[in-house]
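# Examining the three-dimensional arrangement
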Number of protein chains: 2
Amino acid sequence: METQHQETDNNPLQDKGRRKFLGTTAAVTLAGAGMAMGLTACKQGDQPSAGSATVAGGDASRAVAAGEFEVHPGKLDSYYIFSSSGHNGEVRVYGLPSGRTLKQIPVFNIDPMVGWGITNESKKIMGTNPDGSLRYTTGDTHHVHGSYTDGTYNSKYLWTNDKLNNRIARIRMDRMECDAITEIPNVQGFHGIFPDKRDPVDASINYTTRVFCGAEFHSPQANDGRDLDDPAKWYGLFTCIDAESMEVRWQAKVDGNMDLVATSYDGKLAAVNQYNVENGAVLADMMSAERDACLFFNIARVEAAIKAGRSFTIGDSKVPVVDGTRQANADPKTALTCYVPVPKNPHGVNLSPDGKYFVCSGKLSPTATVIATELVHKWFAGELNDARDTVVAEPEIGLGPLHTAFDGRGNAYTSLFLDSQIVKWNVENAIAQFNGDKSVQPVVDRLDVHYQPGHTYSSMGETKEADGKFLNSGNKFSKDRFLPVGPLHVETEQLIDISNDRMRLIHDHTAYPEPHDAIIVRADVVKTQQVSNMDDFPNAVKSFGDSRIERNGKKVAVYLTSQAPNFSMEQIRVKLGDEVTITLTNHDRVEDLTHGFGIENYNINFIVNPQETHSVTFKADKPGVFWIYCTHFCHALHLEMRSRFIVEK
Amino acid sequence: METQHQETDNNPLQDKGRRKFLGTTAAVTLAGAGMAMGLTACKQGDQPSAGSATVAGGDASRAVAAGEFEVHPGKLDSYYIFSSSGHNGEVRVYGLPSGRTLKQIPVFNIDPMVGWGITNESKKIMGTNPDGSLRYTTGDTHHVHGSYTDGTYNSKYLWTNDKLNNRIARIRMDRMECDAITEIPNVQGFHGIFPDKRDPVDASINYTTRVFCGAEFHSPQANDGRDLDDPAKWYGLFTCIDAESMEVRWQAKVDGNMDLVATSYDGKLAAVNQYNVENGAVLADMMSAERDACLFFNIARVEAAIKAGRSFTIGDSKVPVVDGTRQANADPKTALTCYVPVPKNPHGVNLSPDGKYFVCSGKLSPTATVIATELVHKWFAGELNDARDTVVAEPEIGLGPLHTAFDGRGNAYTSLFLDSQIVKWNVENAIAQFNGDKSVQPVVDRLDVHYQPGHTYSSMGETKEADGKFLNSGNKFSKDRFLPVGPLHVETEQLIDISNDRMRLIHDHTAYPEPHDAIIVRADVVKTQQVSNMDDFPNAVKSFGDSRIERNGKKVAVYLTSQAPNFSMEQIRVKLGDEVTITLTNHDRVEDLTHGFGIENYNINFIVNPQETHSVTFKADKPGVFWIYCTHFCHALHLEMRSRFIVEK
């Protein structure tokens, strides 16, 4: 049992583990990249004193009182985290500050608990082949973002990406269920995603109507076997999705690989950080340029160009595509895109809550680049000579800067992958320093995290309501932080208190590999539907009396209801070879009184929450008696809640 | 943020929520079962004072100090929980006391993160159809138990059941990965599972060699279309699996539905609680008998009978089956089985850590039945008149008793589903009371849990090393305990301190629906392998130089290696229609330096931990260039770790 309650920054054992780790993996990391010298040189110039010096020494200002952030039994968390899950394909919901997993929302994966990928309704959302099998059974979610009204979350939708099979999924926030998936044509490595916050033309539409998608990998266009060996002809596309219809509105051809996306509060700009502006196909080429870019799209101009017919299509796709390459957009006054040069291989772009600054981090440079929204508008108005003139600061903040979060008080928090730290820096200080004021230091605090952080994100930090209370550091390696579980480690998520001058580490929680980005949403913002409305399910079996079996040739339709502890039919009798569709409506009304429907040896299982209807279709390919049982605990006589599936020869 | 730190047993709001709930769902529960009156009557006789009376009143002995059980950042948990996950099909690993999820072990489900159900190696374990597709993609795990040496865990294997498709899976404890799955013939509703602890014949074999499986549902034998409407001819089978080969050793025909399994420390007995001894096919019939049974198997006699040829086979199965029905085992001296009558519809059987008592709970009776191991042996020796004479106590403990755990100090802890409590009772007191001593009360403490507990289990409680520190209550309804997440609620697991006279609620943690049983294992017992040995993978690509593409007609074999941040081939070139097998060995040696292998739009993803090899086989059915990328974060240049899959027309 754990008995030590005080953070000891100078815990020698912990430090030993940490440094030992940094002495192995980090060395491999650097050597593998052939960059050891360059980065070491940067480290020497790091400000203020490098590494963990600022946090060592048993600093009382970092102390967390015993139980200070404990969520007592029966008490609720104060925030939700909505998180990607990586190549597990789902989206996860955590409570903060407890770190408890509240839900796993199946999206691109099959979930036999819910019946996701098994029921007809979920298969329709996921997409099927002509033979009815699922088109895809894998996915790779990296980012989750919510819909906005007036610059903050409206609790309507979440969207997430699939980097593996290039789909965008939408989740209904009220039910926390996926309700739409769209396959994006002609892209590969769809990674970044962000909703807009206002209409770019009609400012009275002050809510999300579009979602923007960045795709990393350039490919032949169309990718039908042409240009296999001519990477110079390949390119990538930036994509705009309609938030309501989930249809693809338009795409833009660009130079370089696109990573993350951010959008302005006025709805006029979408930004995406770019690595490999060289369009290299192999590692050495991807790293050759000293500068990559933060690419801005002038959304109104893009849509005007399409309206004016200045678009083309690719292959079988009907989606209009505009040309957003540098060459086609040389004149700022008519340009659809603005490529702002930033240090090489940036890995994130985030907007400050006041809407004034986009921060694009360096990854292979120890800097963060601060780009003023106002100056990007000026560039598009032809009032600046050079896109680089939109940069108002570029502080040195540490090694391997990736992603930046904000506290709403003027401070930025950037994850430093190589330094294994979160660095807190003041944006106005950085601007003053960039303007020549040598008396200010942008960096105001550093906190060691364990180990090698990827994304970091703050409470309400992607909205105008950033409240500066919590920051989460999603770390890529957990190493010695948890009990060992064999070769595959769990990930570490570290919760940090940012409400004071100095960051304080609250706790480590775990996440099944591997979440990437997430958002932290105040609990009161989220409005959920706890019991369904039977009328929302068009195929509902509305009364027990409607229970029946209908045969049409070899097709058998079974209409069934459930109410604890009974299914409405004691047996379902069909013939070998029949195509059977079972539609089940749960007539229980009590919240949480969910039933499961499993058929022995028939590989069928799904649940029906109260008042819900779901259906499955399958072939009766084995003769005999197969028990149907309730798989989701419902009642004292749950074990006895059964029916029989009888297949006659 | 949570600021209240003291447990307040008499919190009126909490109590209101609780009682309101019990006034709705519980009422539905009882009314649905048509048992309200009977159970209410029992409740009036409950001892000591009923309901929450014993816990109300702001009891200081229940107080948990702020942070008392907090696991500080960087500190490790002291116990593992290995838990079933229900119809999600996986097995989960939690840390205690933190409640953090340390691992999700895919077993019967598809996990696109690991590549479980995608790699050839995992498909071989899961089982495939002739066309190479998975035979099953769903499963329903209820119980997890570990292998024993000398009466305690030896950290070698875990086993879990699949109630849906009737399979048993084994997990290697060192790697925490599933390594074998066996389909059990001629059973349905395979629910209970328990390893033996010693050989029944050769006492020098003091470790697990067999695993026993109880199956709930009786069915036609063989289930090939015969006897569809003649339930009187149906029966269920108890199954013995070889712990090492994972082959089915034998089965036993029994009366009634089998639920959970327990085994004696001497290896001679396996017990299974039975409901529906009536062999009813519908609810009313299943509940008609006043008494069901706790069924004991004399393992040595069963195996001697098989050796002597007193067995038969069913359908295509070659497994020897003995007759364990009542009728065939009327003479105790030769009986293979002993049916001990217990109150109706019991839902659990557990052995005390001293090996002396099996406790079989009543579910529909407010009692727990205590059966003495020694007396069961005496019954089999012909020294008792009646199987019921093996019962040494039957205390009234509360409404809806399900499962019992032990503290190694003579106390039992039983989950009360209807009362939503854990009741602590003293076994020797119960025996004294049963023997007529009216001065003792078996029940010594009660603790409200939230809500409606299913399984409860204690630290090391299923071993001779039961240490009486922690108890977990796995609750079936969470209701108002966590932030709402739509219609589907998360489950509540409540951790309870049992080291003192009075139980203390430590915290609620969450679990994705829906875990059933689990074991709590001391952290020092578990020995894991953290980095694999390349030689353990027979298809390893042992050096970069071995990277190559071999063609044999339309079959293309690709041998690939990974080392951060590179795959060993910049491209893999095949022809449209080829059957491609890619074998990938990860040459990184640093612990946790896992790579993922994903192919864009080809629905392929899997991981390779350090020094591991995995392979996939698929058809190249789309022409074009498809980027391969590392899906599992590995390195600063992870994003740039790519290759290309090129499919020529």
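Residues numbered from 1 in each chain as written. Chains lettered and ligands numbered in written order. Predicted model: local features only at pLDDT ≥ 70, side-chain atom pairs only at ≥ 80, totals over all residues. Heavy atoms only, no water.

Counting from both sides, the interface comprises 159 residues of chain B and, opposite them, 159 residues of chain A. Where chain B abuts chain A, roughly 14,000 Å² becomes buried across the two surfaces, and 58% of that area is made up of carbon and sulfur atoms. Taken together, the links from chain B to chain A amount to four salt bridges. Put simply, A:Glu640 and B:Lys363 hold a salt bridge, and the shortest N to O gap is 3.0 Å. Each residue belonging to the side of chain B that touches chain A can be placed in one class, and the counts come to 69 nonpolar, 53 polar and 37 charged. (Contact = heavy atoms within 4.5 Å. Buried area = accessible area lost by both parts, 1.4 Å probe. Salt bridge = Lys/Arg side-chain N within 4 Å of Asp/Glu carboxyl O. Nonpolar A, V, L, I, M, F, W, Y, C, P; charged D, E, K, R; others polar.)

This paragraph deals with the nonpolar core. Formed by 114 residues in total, the largest nonpolar core has its most connected members in A:Tyr80, A:Phe82, A:Phe238, A:Phe297, B:Tyr80, B:Phe82 and B:Phe238. Ranked by residue count, the leading element in this core is helix H6 (residues 299–307) of chain A, at four residues. Those residues in contact with A:Tyr80, other than ones at most four positions away along the chain, are A:Val93, A:Tyr94, A:Leu102, A:Met176, A:Ile519, A:Ile520, A:Val521, A:Ala523, A:Val526, B:Leu483, B:Pro484 and B:Val485. (Core = buried A, V, L, I, M, F, W, Y, C linked by side-chain atoms within 4.5 Å. Buried < 20%, exposed > 50% of the residue type's maximum accessible area, 1.4 Å probe, protein only. Helix = DSSP H or I, 4+ residues; strand = E, 2+ residues; numbered from the N terminus.)

This brings us to the environment of A:Leu418. All names here are of chain A. Within the fold, Leu 418 resides in the loop between strand E22 (411–416) and strand E23 (421–426). We classify Leu 418 as buried; its relative accessible area is 11%. The sequence separation of Leu 418 and Leu 399 amounts to 19 residues, and the corresponding C-alpha distance is 5.3 Å.

The next point concerns the environment of B:Ile572. Residue and element names in this part refer to chain B. Inspection of the secondary structure assignment puts Ile 572 in strand E33 (residues 571–575). For Ile 572, a relative accessible area of 0% translates into the label buried. Sequence separation of Ile 572 and Tyr 207 is 365 residues, and the distance between their C-alpha atoms is 49 Å. Filtering out sequence-adjacent residues up to four positions away, Ile 572 remains in contact with Ile 549, Val 558, Leu 560, Ile 582, Ile 628, Arg 644, Phe 645 and Ile 646.

Residues and elements named next belong to chain A. Here chain A averages 91 in pLDDT, and 91% of its residues register 70 or above. Segment residues 1–57: pLDDT under 50, and 112 contacts once partners within four positions in sequence are set aside and those in other chains are kept. Across the predicted assembly, pTM comes out at 0.92 and ipTM at 0.92. (pLDDT = per-residue confidence, 0-100.)

Next up on the list: the side chain of A:Ser317. All names here are of chain A. When you line up the elements, Ser 317 lands in the loop between H6 and strand E15 (321–323). Polar contacts involving the side chain of Ser 317 include one to the main-chain amide nitrogen of Val 319, which spans 3.1 Å. If we ignore the near neighbours within four places in the chain, the residues touching Ser 317 are Pro 185 and Asn 186. (Polar contact = N/O pair within 3.5 Å; in protein donor to acceptor, adjacent residues only side chain to side chain.)

For the coordinates displayed, the defined rule picks out 44 aromatic pairs over all chains. With a centroid separation of 5.3 Å and 40 degrees between ring planes, the pair formed by A:Tyr148 and A:Tyr153 is classed as tilted. Residues A:Tyr148 and A:Tyr153 agree in their burial class; the two are buried. Both rings, one in B:Trp379 and one in B:Phe380, keep their centres 5.3 Å apart while their planes meet at 80 degrees; by these two values the pair is edge-to-face. Each member of the pair B:Trp379 and B:Phe380 is classed as buried. Site record: aromatic cluster; members linked through ring pairs are A:Phe212, A:Phe238, A:Trp250 and A:Phe297. Above the plane of the ring of A:Tyr275 lies A:Lys363, whose end atom (NZ or CZ) is 6.0 Å from the centre. Between the NZ or CZ atom of B:Lys253 and the centre of the ring of B:Tyr235, over which it lies, the distance is 4.5 Å. (Phe/Tyr/Trp six-rings, centres within 6.5 Å; stacked < 30°, edge-to-face > 60°. Lys NZ or Arg CZ within 6 Å of the ring centre and 35° of its normal.)

Moving on: the sheet that holds strand E15 (residues 321–323) of chain B. Residue and element names in this part refer to chain B. Reading across the sheet, the five strands line up as E8-E9-E10-E11-E15 and stay open at both edges, with mixed pairing between neighbours. For this open sheet the edge positions go to strand E8 (188–195) and E15, each flanked by a neighbour on one side alone. Sheet twist, expressed as the mean angle between neighbouring strand axes with direction ignored, is 25 degrees. The sheet contact formed by strand E11 (residues 248–254) and E15 spans three bridges and is parallel. Within E15, the residue paired with Lys 253 across the bridge is Asp 323. (Pairing = 2+ DSSP bridges. Axes fitted to C-alpha atoms, helices over the stretch in contact; angles between N-to-C directions.)

Rotating chain B by 180 degrees about the axis while translating it 0.0 Å along that axis superimposes it on chain A, leaving an RMSD of 0.0 Å. One copy is carried onto the other by what is essentially a two-fold rotation axis. When each C-alpha of chain B is compared by its distance to the rotation axis, B:Gly67 comes out closest, at 2.0 Å. Of the residues that chain B buries at the interface, 100% are likewise interface residues in chain A, meaning the two copies contact each other through the same surface. (Least-squares fit on C-alpha atoms with pLDDT ≥ 70 in both.)

The next thing to look at is unusual backbone geometry. Residues and elements named next belong to chain A. Omega for the bond connecting Gln 221 with Ala 222 falls within 30 degrees of zero, at -10 degrees, which places this linkage in the cis form. Its place among the elements puts Ala 222 in the loop between strand E9 (210–217) and strand E10 (236–242). Following His 450, the chain continues to Tyr 451 via a peptide bond in cis, the omega torsion being -5 degrees. Considering the arrangement of structural elements, one finds Tyr 451 in the loop between strand E24 (443–448) and strand E25 (453–458). For Met 460, which is not glycine, the phi torsion reads 55 degrees and is therefore positive.

It is worth spelling out the pairing of strand E7 (residues 177–183) of chain A at this point. Residue and element names in this part refer to chain A. Strand direction decides the pairing type here: strand E6 (residues 167–172) and E7, joined by six bridges, are antiparallel. Its bridge partner lying in E7, Arg 167 is registered against Glu 183. Hairpin connection from E6 to E7: four residues lie between these consecutive antiparallel strands, with Met 176 at a positive phi of about 55 degrees.

As a further point, take the pattern of salt bridges. All names here are of chain B. All told, the structure shown has 74 salt bridges over all chains when counted by the stated rule. Residue Arg 249 pairs with Glu 303 through a salt bridge whose shortest N-O separation is 3.9 Å. With a gap of 54 residues between them, Arg 249 in strand E11 and Glu 303 in helix H5 (residues 299–307) connect regions that are remote in the sequence. With relative accessibility at 29%, the residue Arg 249 sits in the partly exposed group. On the basis of relative accessibility, which here comes to 17%, the residue Glu 303 falls in the buried class. Across the salt bridge formed by Arg 573 and Glu 648, the nearest N and O atoms sit 2.8 Å from each other. On the criterion of sequence distance, the pair formed by Arg 573 in strand E33 and Glu 648 in strand E39 (residues 642–648) is long-range, its members being 75 residues apart. Of the residues examined, Arg 573 reaches a relative accessible area of 26% and is grouped as partly exposed. A residue is classified by how much of its surface remains accessible, and Glu 648, at 22% relative accessible area, is partly exposed.

This brings us to the pairing of E33(B). Residue and element names in this part refer to chain B. Burial along E33 is one-sided: the face carrying Ile 572 and Val 574 is buried and the face carrying Gln 571, Arg 573 and Lys 575 is not. In terms of strand pairing, E33 meets E39 through five bridges, oriented parallel. Paired with Lys 575 across the two strands is Glu 648, which belongs to E39.

What follows deals with the environment of A:Ile604. Examined against the element boundaries, A:Ile604 turns out to sit in strand E36 (residues 604–608). Judged by its relative accessible area of 6%, A:Ile604 falls in the buried class. The spatial distance from the C-alpha of A:Ile604 to the C-alpha of A:Ile628 is 9.6 Å, given a sequence separation of 24 residues. Look past the residues within four positions of A:Ile604 in its chain and what remains in contact with it is A:Phe597, A:Gly598, A:Ile599, A:Val616, A:Phe618, B:Thr138 and B:Leu164.

Residues and elements named next belong to chain A. Strand order across the open sheet formed by four strands is E3-E2-E1-E29, with antiparallel pairing between neighbours. Two strands lie at the open edges of the sheet, namely strand E3 (101–105) and strand E29 (518–522), each paired on one side alone. For this sheet, the mean angle separating the axes of adjacent strands, direction not counted, is 20 degrees. Sheet topology note: the strand E1 (residues 79–84)/strand E2 (residues 91–96) ladder contains six bridges and is antiparallel. The residue of E2 that forms the bridge with Ser 84 is Val 91.

At 3.6 residues per turn, the α-helix brings residues three or four places apart onto the same side. Residues and elements named next belong to chain A. Taken together, the buried positions of helix H8 (residues 427–434) are Val 427, Ala 430 and Ile 431. End-on view of H8: buried residues confined to an arc of 100 degrees, all on one side of the axis. Residues of H8 that are buried make contact with strand E18 (357–361), strand E19 (368–372), strand E20 (391–393), E22 and E23. Two or three places before Glu 428, at the opening of H8, Asn 426 has a side-chain oxygen 3.1 Å from that residue's backbone nitrogen. One or two residues past the end of H8 sits Gly 436, with phi positive at roughly 110 degrees. (Arc of directions from axis to C-beta.)

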